[in-house]
Amino acid sequence: MTEKEKNQIIKMRKNGVGYQAIATALNLSRDRVRNFCKKRNMAGFGAVFTLNDKEKTGEYERCLNCYKHIRQPKQGRPKKFCSNECRREWWKSHPEEINKKETAQYRLKCAYCGEDFISYGNKDRKYCSHNCYIHQRFYESEVRS
Ligand SMILES: [Zn+2]
Ligand SMILES: [Zn+2]
């Protein structure tokens, strides 16, 4: 168990998160979480609840970072975090999630110079550079006139 995990357990436990839910969130066994809490005299803390099943549908009931209840806005996008601090903290401790979010890469051929180039997130890009785009525009207008 890392320091980070221990801190997370303490934080979740203080917000009334059950052993099983903590274990699931941190990918630990329930026994390890329970033993850790017992050692720290946190065994009887709060009520047990099942972890955010709604997470997958985009309806967050609890802050992903501190597991406090979130009051969701009636309109607009559901919140994942109770505060900006929690958002920042969570992203800081989940760098792999940022990588996952990174846009897809497409290997394309420039319509002007014919060079291969990588386009991030846009598979319809035609030119490797603004230069090529300009050249092609001039070229087209010359052909037409
Ligand atoms: Zn929070
Ligand atoms: Zn080009």
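Use the structure listed above.
Described below are features of the structure shown in this document. As the structure is a prediction and not an experimental result, all values here were calculated from the model. Within any chain, residue numbers begin from 1 and follow the written order of that chain's sequence. Each chain takes a letter, starting from A, and each ligand takes a number, starting from 1, following the order in which they are written. Totals for whole chains, interfaces and linings use every residue, but because this is a predicted model, local features are given only for residues with pLDDT of at least 70 and side-chain atom pairs only at 80 or more, for both listing and counting. The side-chain numbers reported here are obtained from all heavy atoms of the structure, hydrogens and water having been left aside.

1. Digging into the coordination of the zinc ion (ligand 2)
As a reminder, the rule being used: Ligating atoms shown are N, O and S within 2.8 Å of the metal, or 3.2 Å for Na, K and Ca, and water is not included, meaning a site may look less than complete. Here a site with four donors is tetrahedral if all angles are between 85 and 135 degrees, and a site with four or six donors is square planar or octahedral if opposite donors are over 155 degrees apart and the other angles are between 65 and 115; anything else gets the irregular label. Strands are runs of DSSP state E lasting at least two residues, helices are runs of H or I lasting at least four, and both sets are numbered from the N terminus onward. Only protein chains enter the accessibility calculation, which uses a 1.4 Å probe; a residue whose area is less than 20% of its type maximum is buried, one above 50% is exposed, and one in between is partly exposed.
Protein coordination at the zinc ion (ligand 2) comes from Cys110 (SG), Cys113 (SG), Cys128 (SG) and Cys132 (SG), with a distance range of 2.2 to 2.3 Å. With 4 donor atoms in place around the zinc ion (ligand 2) and angles of 105 to 115° between them, the coordination shape is tetrahedral. Taken in sequence order, the residues that donate to the zinc ion (ligand 2) follow the motif C-x2-C-x14-C-x3-C. Of the two residues, Cys113 sits in the loop between β1 (105-109) and β2 (116-120) while Cys128 sits in the loop between β2 and α6 (130-144), which places them 15 residues apart along the sequence. Residue classification places Cys113 among the partly exposed positions, given a relative accessible area of 35%.

2. As for the coordination of the zinc ion (ligand 1)
At this site the zinc ion (ligand 1) is bound by Cys63 (SG), Cys66 (SG), Cys82 (SG) and Cys86 (SG), with donor distances of 2.2 to 2.4 Å. Geometry at the zinc ion (ligand 1) is tetrahedral, judged from the 4 donor atoms that bind it and their angles of 105 to 116° at the metal. Considered as a linear motif, the donors of the zinc ion (ligand 1) on their single chain read C-x2-C-x15-C-x3-C. Take Cys63: its relative accessible area is 0%, and that puts it in the buried class.

3. Some remarks on the nonpolar core
Here is the rule: As used in this record, nonpolar core signifies buried Ala, Val, Leu, Ile, Met, Phe, Trp, Tyr and Cys residues forming a set joined through side-chain atoms within 4.5 Å. Any two residues whose heavy atoms approach within 4.5 Å at even a single point are treated as in contact.
Of all hydrophobic cores here, the largest spans 14 residues; its most connected members are Ile9, Val17, Ile22, Val33 and Cys37. Those elements giving two or more residues to this core turn out to be α1 (3-14), α2 (19-26) and α3 (30-39). The biggest single contributor to this core is α2, with 5 residues. Apart from residues lying up to four places away in sequence, Ile9 is in contact with Met1, Ile22, Leu26, Leu28, Val33, Phe36 and Cys37. Core analysis: the second largest hydrophobic core is formed by 7 residues, Leu64, Cys66, Cys86 and Trp90 among them.

That is the geometry; function is a separate question.
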